[in-house]
Amino acid sequence: MAPKSSQSQSSKKSANITGEEIHGVLSLTYVRNHTKEFIQNYLLSLKVLQFTRNNILILLVIFLFSYLFVWNGLLLCCYNLAKGAQLFLTFGSAPPGHLKPLGFHQPPIPDGVTEMFEFPSPQQFWKEFVQASKPVIFRGVAKKLPAFSLWTDDFLRLHYGHIHMSVEVKKKEDRTAATLLMLFSDFLRQYEEKPYYLVESLHFSFLKEIGIPKILQCGNLQKSLVDIVGWLSSGGTKSVLHIDSMDNLNCILDGSKVAFLVNHTLTKNVNIDYEDGSYSGVDVEKVDMYRYPGLQDVPWYNVTINPGDCIFIPYMWFHSVQSTKQRNLAFNIWFHHLLYFNESDCEGKELQEFLPFYMLGMPSSEKRRQERRQLADSTRHQVN
């Protein structure tokens, strides 16, 4: 009986082993299948999740840059506002006279220019005004000249219309602009409608109706004459702010002129910034006080000269001259700055209010122009 029982147990054991093995195989198959499915689903979910994270990352980057842009913009805006406030507190409003006509920065010097109603002697004129470098106005003295009553447009056309003249094409002075050469009669026909401005060394034939004033008739002043220039426009002319290398006597025959004058000692205040060294680029109608800050503090003289008046503007004084809006006719006499007055030259001479120019043997207008250009060149070297 024992052997049979032992065999029975062995068979049962084999059956159990076989069942366990089968169950294990089935379990592994299940796990393998489900694991495969799980892994596939998980990996798929990872792909979706990865795609979503990329989107989120992109959105975060966009948001970050937008935030930084807006924040920096706000900071920059606040900085500019603060800077503007600081500048305003530091400098206040724009400087006096900024973007306004020349002379608006401060009132002119009161009673600054001497006025006389007749010519003094040449000695007094040289000592008190030429040597002392002081401007002076001689009221009404030019009314004694024949030209004062004769020089209408009709008279000038009839007697001098055949003479060729150099004409500026702008009433506001532009020293870089070209000039026109035309018959005086053509100029007289057009200058009231066009912005023409005649500035020309006067032909000798004009000089018989004007003359050399008493103040320049002896002491070697009469030998220092350089040129006589005519000025004619329909008014509204404006010169640059400039200096001249000669003394200047300007006489008005028709219309009025207003002059802005600055003492020659104030060179540091006036920026002479053009190549020839004799004028400033400042816009006399709209002064940029930031570009020309020296003008903010410059004291100045304001003078108005009317028909019959003559004004002496000393050598190297800064000035800008504007004419009123009406026919404006004038002439000026350029003469060398005389450092020494020859007293003996005046002894025994009978002086006249105006002496005809032909008595002095004046050179031709072309020679006078050439000498004036040479003097302008010398001014450039002095300033530079």
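Residues numbered from 1 in each chain as written. Predicted model: local features only at pLDDT ≥ 70, side-chain atom pairs only at ≥ 80, totals over all residues. Heavy atoms only, no water.

> Before we move on, can you summarise the overall build of the protein with the specific residues and values?
When helices and strands are tallied, the protein shows 6 helices and 14 strands. Looking at the 384 residues of the protein, the share that counts as buried comes to 41%. Pairs at least 24 apart in sequence give 84% of the contacts found in the protein among residues at least 6 apart. (Helix = DSSP H or I, 4+ residues; strand = E, 2+ residues; numbered from the N terminus. Buried < 20%, exposed > 50% of the residue type's maximum accessible area, 1.4 Å probe, protein only. Contact = heavy atoms within 4.5 Å.)

> If you had to explain the sheet that holds strand E9 (residues 257–262) to someone new, which residues and values would you point to?
With antiparallel pairing, 3 strands are arranged side by side in an open sheet as E10-E9-E12. Of all strands in the sheet, those with a lone pairing partner are strand E10 (301–305) and strand E12 (318–323), marking the two edges. When strand polarity is set aside, the average angle formed by the axes of neighbouring strands in this sheet is 20 degrees. Note: E9 against E12, 6 bridges, orientation antiparallel. Considered in E12, the bridge of Phe260 is made with Ser320. (Pairing = 2+ DSSP bridges. Axes fitted to C-alpha atoms, helices over the stretch in contact; angles between N-to-C directions.)

> Quick one: what's the story with the sheet that holds strand E1 (residues 114–116), residue by residue and with numbers?
Pairing is mixed across the open sheet formed by 9 strands, whose spatial order is E1-E2-E11-E8-E13-E7-E5-E3-E4. Sheet topology places E1 and strand E4 (179–183) at the edges, where each strand pairs with a single neighbour. Taken over all neighbouring pairs, the strand axes of this sheet differ in orientation by 25 degrees on average, direction set aside. With 3 bridges connecting them, strand E2 (residues 136–138) and strand E11 (residues 310–313) associate as antiparallel partners. Across the sheet, residue Ile137 finds its bridge partner in E11, namely Ile311.

> Quick rundown of the layout of surface pockets? Include the residues and the values.
Considered as a void within the structure, the second largest pocket measures approximately 220 Å³ in volume. Around the second largest pocket sit 13 residues that line it, and Pro101, Leu102, Val258, Phe260 and Gln322 are the ones nearest its centre. Tallying contributions element by element places E9 first for the lining of the second largest pocket, with 3 residues. Taken together, the residues that form the lining of the second largest pocket break down as 7 nonpolar, 4 polar and 2 charged. (1 Å grid on protein atoms, 1.4 Å probe; cavity = no way out; pocket = protein on both sides within 12 Å on 5 of 7 lines; lining within 4 Å. Points joined across faces, edges and corners; volume = space filled by probe spheres on them. Nonpolar A, V, L, I, M, F, W, Y, C, P; charged D, E, K, R; others polar.)

> Could you give me a rundown of the packing of aromatic side chains, with the residues and numbers involved?
All chains considered together, the criterion is met by 17 aromatic pairs. Aromatic side chains Phe184 and Phe206 sit 5.9 Å apart centroid to centroid with 65 degrees between the ring planes, which places their arrangement in the edge-to-face category. Of this pair, Phe184 sits in helix H5 (residues 184–190) while Phe206 sits in the loop between strand E5 (197–201) and strand E6 (211–213); the two residues are 22 residues apart in sequence, bridging distant segments of the chain. Look at Phe184 and you get buried, because its relative accessible area is 3%. Residue classification places Phe206 among the buried residues on the basis of a relative accessible area of 2%. Between Phe187 and Tyr191, the ring centres sit 5.0 Å apart and the planes meet at 15 degrees, which makes this aromatic pair stacked. Residues Phe187 and Tyr191 agree in their burial class; the two are buried. (Phe/Tyr/Trp six-rings, centres within 6.5 Å; stacked < 30°, edge-to-face > 60°.)

> Please provide a residue-by-residue account of the pattern of salt bridges, values included.
This model, assessed by the stated rule, comprises 14 salt bridges. With a shortest N-O distance of 3.0 Å, Arg157 and Asp154 are connected by a salt bridge. Taken as a pair, Arg157 and Asp154 lie in helix H4 (residues 153–160) at a separation of 3 residues, close to a single helical turn. You can call Arg157 partly exposed: its relative accessible area is 32%. A residue is classified by how much of its surface remains accessible, and Asp154, at 58% relative accessible area, is exposed. Two residues, Lys172 and Asp283, come together in a salt bridge whose shortest N-O distance is 2.7 Å. (Salt bridge = Lys/Arg side-chain N within 4 Å of Asp/Glu carboxyl O.)

> Give a detailed account of the nonpolar core, specifying residues and quantitative values.
Counting residues in each nonpolar core, the largest one holds 53 residues, and the members touching the most others are Phe125, Phe138, Trp151, Phe184, Phe187 and Ile210. Each residue touching Ile210, except ones within four places of it in the same chain, is listed here: Leu145, Ala147, Trp151, Leu202, Ile228, Phe331 and Phe357. Residues Leu102, Phe260, Val262 and Trp300 belong to the second largest nonpolar core, which totals 18 residues. (Core = buried A, V, L, I, M, F, W, Y, C linked by side-chain atoms within 4.5 Å.)

> Which residues make up the environment of Asp153, and what values do they have?
Structurally, Asp153 is set in helix H4. For Asp153, a relative accessible area of 13% translates into the label buried. Taking the C-alpha atoms as reference points, Asp153 and Arg327, 174 residues apart in sequence, are found 10.0 Å from one another. With residues near it in sequence (within four places) discarded, Asp153 still touches Leu188, Tyr191, Glu192 and Arg327.

> Which residues make up the state of the cysteines, and what values go with them?
Evaluated as defined, the whole model comprises 2 disulfides. Between the sulfur atoms of Cys218 and its disulfide mate Cys346 the distance is 2.0 Å. The S-S bond linking Cys218 to Cys346 shows a torsion near 90 degrees; that makes this disulfide right-handed. Note that Cys218 is positioned in the loop between E6 and strand E7 (225–233) and Cys346 in the loop between strand E13 (328–335) and strand E14 (354–356), a separation of 128 residues in sequence. (Disulfide = S-S within 2.5 Å.)

> Before we move on, can you summarise a nonpolar patch on the surface with the specific residues and values?
Where nonpolar side chains cluster on the molecular surface, the patch consists of Ile58, Leu59 and Ile62 and spans about 300 Å² of accessible area. Within the secondary structure, Ile62 sits in helix H1 (residues 2–91). (Patch = residues over 30% accessible without salt bridge, like charges linked within 9 Å, V, L, I, M, F, W, Y side chains within 5 Å. Areas by Shrake-Rupley, 256 points an atom, 1.4 Å probe, with all protein chains shown as cover.)

> Account for H4, with residues named and values stated.
Along H4, the residues that are buried comprise Asp153, Phe155, Leu156 and Tyr160. Down the axis of H4, the buried set is contained in an arc of 160 degrees. They therefore lie on one face. Turned more than 90 degrees away from the buried face of H4, the exposed residues are Asp154 and Leu158. Looking at the buried positions of H4, the neighbouring elements they touch are helix H3 (146–150) and H5. (Arc of directions from axis to C-beta.)

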